[in-house]
Amino acid sequence: MSLFPSSKKREFFTPDQQQLMVKAIQEAETNTSGEVRLFVESKCKYVDPVDRAKEIFFSLKMEQTKDRNAVLLYMAINDRQLALFADEGIYQRLGANYWNEEVRKIIRSFTKDDYTGGICAVINDIGEALKSEFPYERSDKNELPDEIIFGN
């Protein structure tokens, strides 16, 4: 069974919205060695979206970044679930309270039907946190693709 079934992908966002989110990811990564990815699907396979985010995180090999400082924003639109999953390098430095507050922020945006704005704002916040903990160095390279990953 494939983690990312190959059937037709659903369009959750307009091309302009997608472009804004990719731009937010690129800007968030500008001043840091950290990496941010966004995975969107319609339904979560698990009761706990953190479990699904963890599965996706490791299937995308996000734990293989040099400084263990990758972050995955996971969303299941139809199930109204989301999770932030951060690798150990950044998770431990910022602590659970930081991540919980970022989830609360994005939920506040979502309750106002501002999905794109909420996603971009949280990605920006994560970028600032990554910049503070893992500042950009000349030898840094973009270790993971910036595009949005769409599941079913």
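As the structure is a computational prediction, the values presented were derived from the model and not from experiment.

Quick notes on the rules
- Along each chain, residue indices are assigned from 1 in the same order as the chain's sequence is written.
- Owing to the predicted nature of the model, reporting of local features is limited to residues with pLDDT of at least 70; listing and counting of side-chain atom pairs is limited to 80 or more, with chain, interface and lining totals taken over all residues.
- Heavy atoms from the whole structure form the basis of all side-chain values; hydrogens and water molecules are not counted.
- Along the chain, pLDDT gives the predictor's confidence residue by residue, from 0 to 100.
- Whether two residues are in contact is decided by their heavy atoms: any pair within 4.5 Å suffices.
- By the convention used here, strands pair only if DSSP detects at least 2 bridges between them.
- In this description a helix means any DSSP run of H or I spanning at least four residues, a strand means any run of E spanning at least two, and both kinds are numbered starting from the N terminus.
- Working convention: axes come from line fits to C-alpha atoms, limited for helices to the stretch in contact. Angles between N-to-C directions cover 0 to 180 degrees.
- Salt bridge, as used here, is a side-chain nitrogen of Lys or Arg placed within 4 Å of a carboxyl oxygen of Asp or Glu.
- Only protein chains enter the accessibility calculation, which uses a 1.4 Å probe; a residue whose area is less than 20% of its type maximum is buried, one above 50% is exposed, and one in between is partly exposed.

Caption draft 1: Expanded view of the confidence of the model for the protein chain. In the predicted model, the protein chain carries a mean pLDDT of 92, and the fraction of residues at 70 or more is 93%. For the stretch residues 4–8, pLDDT sits under 50, and the model shows eight contacts to residues farther than four places along the chain or on other chains.

Caption draft 2: Broad picture of the sheet that holds strand E2 (residues 70–76). Taking strand neighbours across the sheet as the criterion, the four strands line up as E3-E2-E1-E4 in an open arrangement whose pairing is mixed. With one partner strand each, in any of the chains shown, strand E3 (81–86) and strand E4 (149–150) form the two edges of the open sheet. As paired elements, strand E1 (residues 35–41) and E4 share two bridges and run parallel to each other. By the bridge assignment, Val-40 is partnered in E4 with Phe-150. Relative to the sheet, helix H3 (residues 88–111) contacts E2 and E3, its axis offset from that of E3 by approximately 160°.

Caption draft 3: Looking closely at the environment of Ser-132. Mapped onto the elements of the fold, Ser-132 is located in helix H4 (residues 115–133). Sequence spacing of Ser-132 and Glu-11 is 121 residues, and the spatial spacing of their C-alpha atoms is 34 Å.

Caption draft 4: Expanded view of the pattern of salt bridges. Applying the stated criterion across every chain yields a total of 13 salt bridges. Residue Arg-68 pairs with Glu-88 through a salt bridge whose shortest N-O separation is 3.5 Å. Here Arg-68, found in the loop between helix H2 (49–59) and E2, pairs with Glu-88, found in helix H3; they are 20 residues apart in sequence, far enough to count as distant. A residue is classified by how much of its surface remains accessible, and Arg-68, at 26% relative accessible area, is partly exposed. Between Lys-131 and Glu-128 there is a salt bridge, and its shortest N-O distance comes to 3.7 Å. In this pair, Lys-131 and Glu-128 are both assigned in helix H4, three residues apart and thus about one turn of the helix distant. Under the relative-accessibility criterion, Lys-131 is labelled partly exposed at 32%. Using a relative accessible area of 42% as the deciding quantity, one classes Glu-128 as partly exposed.

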